[in-house]
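Summary of the model geometry
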Amino acid sequence: METFSYVKAPNVEKALASADGAKFIAGGTTLVDLMKLYVETPKTLVDINLLPLDKIEKLPDGGLRIGAMVRNSDLAWSEEVKKSYPVLSEALLSGASPQLRNMATTGGNLLQRTRCMYFREPSAGTPGGYGCNKRTPGTGCAAVDGFNRMHAVLGTSDKCIATHPSDMCVAMAALEAVIHVEGPKGKRTIAFADFHKLPGETPHIENALEAGELITHVDLPKPVEGAKSTYLKLRDRASYEFALASAAVVARVEGGHIRYIRVAMGGVGTKPWRSREAEAALMGKPANEAAFKAAAQAALAKAKPQKDNAFKVELAKRCLVRSLKTATATA
Ligand code: SF4
């Protein structure tokens, strides 16, 4: 780890004033690891643990405001989240370990970086190291010809095929969350679908945050009346493991037909993967296996598997079918 200076910010104003060229640190569950691996080498860390952004509050319009400093455990076990947004609680509890969830924050989870093993190699992106366009643009992508079993099949480019690792973000994509940020140019909101970026030609640009901006909170819209939701995660072992494929579904069925549907997938995309194709295939259709299989087919139609991860295409389809069955079950 390289040396750095450390500042503790007592409020948002002071945090923003200290942000120039610095990194914000909250739980540190990703950032500290990446500093030890020389992936992140900030000159200054601005500790934001004192900021008053740790509340979960009901909004007047029926939605829910989640402070960026709310710990993943507190969010997962919130009575309001368990009752009104169970998909979010389930997704959070499927991630990491209890100790990590106790430290990790909502804002930090939004900024999780990929677990691509080449990206996390200390020398990646340097002369003599693995090529990694995310670490150093123009150095190539070692994963394309390397071991890529865990990598993405949706949203990839020839510059990067890294999977987005978050479970929480998959649920938030299905819930159509809105991210609030504050920075040198003031406050603004970012729709969840616009927050994470596809790798394209610039895999080192991972999200819509501008220099010096701080995530302050995340708003969830009012729960959809009569809808049920679920999160299913398939992985190599039952806990403390990243998804091979996951699915978040929010659905309302009336008279046996699907009247509201939101679908997002994890473990397969370069960003939390909202599947509008699956939603279009399901809307208005009978809630039955044929429709679920057609939706899964549509969701993965543009999948581009690599040499080691073709199995993810079928796994993701089955994951989605099972999630749809659960979310639309009437009993
Ligand atoms: Fe780097 Fe992306 Fe390639 Fe991994 S997949 S080595 S993060 S460019």
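No experiment lies behind these values; they were computed from the predicted model shown. (Residues numbered from 1 in each chain as written. Predicted model: local features only at pLDDT ≥ 70, side-chain atom pairs only at ≥ 80, totals over all residues. Heavy atoms only, no water.)

1. A look at the pattern of salt bridges
Counted under the stated rule, the structure contains 26 salt bridges. Across the pair Lys 159 and Asp 158 runs a salt bridge whose closest N-O atoms are separated by 3.5 Å. For Lys 159, a relative accessible area of 27% gives the class partly exposed. Across the salt bridge formed by Glu 201 and Lys 159, the nearest N and O atoms sit 3.4 Å from each other. (Salt bridge = Lys/Arg side-chain N within 4 Å of Asp/Glu carboxyl O. Buried < 20%, exposed > 50% of the residue type's maximum accessible area, 1.4 Å probe, protein only.)

2. A short note on the domain arrangement of the protein chain
How big an interface is tends to be expressed through the accessible area that disappears when the partners come together. Its domain assignment divides the protein chain into domain 1 (1–46) and domain 2 (228–328). On a C-alpha basis, the centres of domain 1 and domain 2 stand 36 Å from each other. (Domains from an automatic or database assignment.)

3. Some remarks on the packing of helix H5 (residues 86–93) against helix H9 (residues 168–175)
Packing of H5 against H9 leaves a shortest axis separation of 8 Å and a crossing angle of 165°. Classified by the angle their axes make, H5 and H9 are roughly antiparallel. The chirality of how H5 crosses H9 is right-handed. Of the residues in H9, those touching H5 at Val 87, Leu 88, Ala 91 and Leu 92 are Met 168, Ala 171, Met 172 and Leu 175. Here the residues of the contact of H5 with H9 sort into 8 nonpolar, no polar and no charged. (Axes fitted to C-alpha atoms, helices over the stretch in contact; angles between N-to-C directions. Helix = DSSP H or I, 4+ residues; strand = E, 2+ residues; numbered from the N terminus. Parallel < 35°, antiparallel > 145°, perpendicular 65-115°, else oblique. Left-handed = near helix turned anticlockwise from the far one by under 90°. Contact = heavy atoms within 4.5 Å. Nonpolar A, V, L, I, M, F, W, Y, C, P; charged D, E, K, R; others polar.)

4. A look at the sheet that holds strand S1 (residues 5–8)
If you trace the 3 strands from one edge of the open sheet to the other, you get S1-S3-S2, paired in parallel fashion. The sheet is open, and its two borders are formed by S1 and strand S2 (22–25), each paired with just one other strand. This sheet shows a mean twist of 25° between the axes of neighbouring strands, independent of strand direction. With 4 bridges connecting them, S1 and strand S3 (residues 44–47) associate as parallel partners. Within the sheet, the bridge partner assigned to Ser 5 lies in S3 and is Thr 44. (Pairing = 2+ DSSP bridges.)

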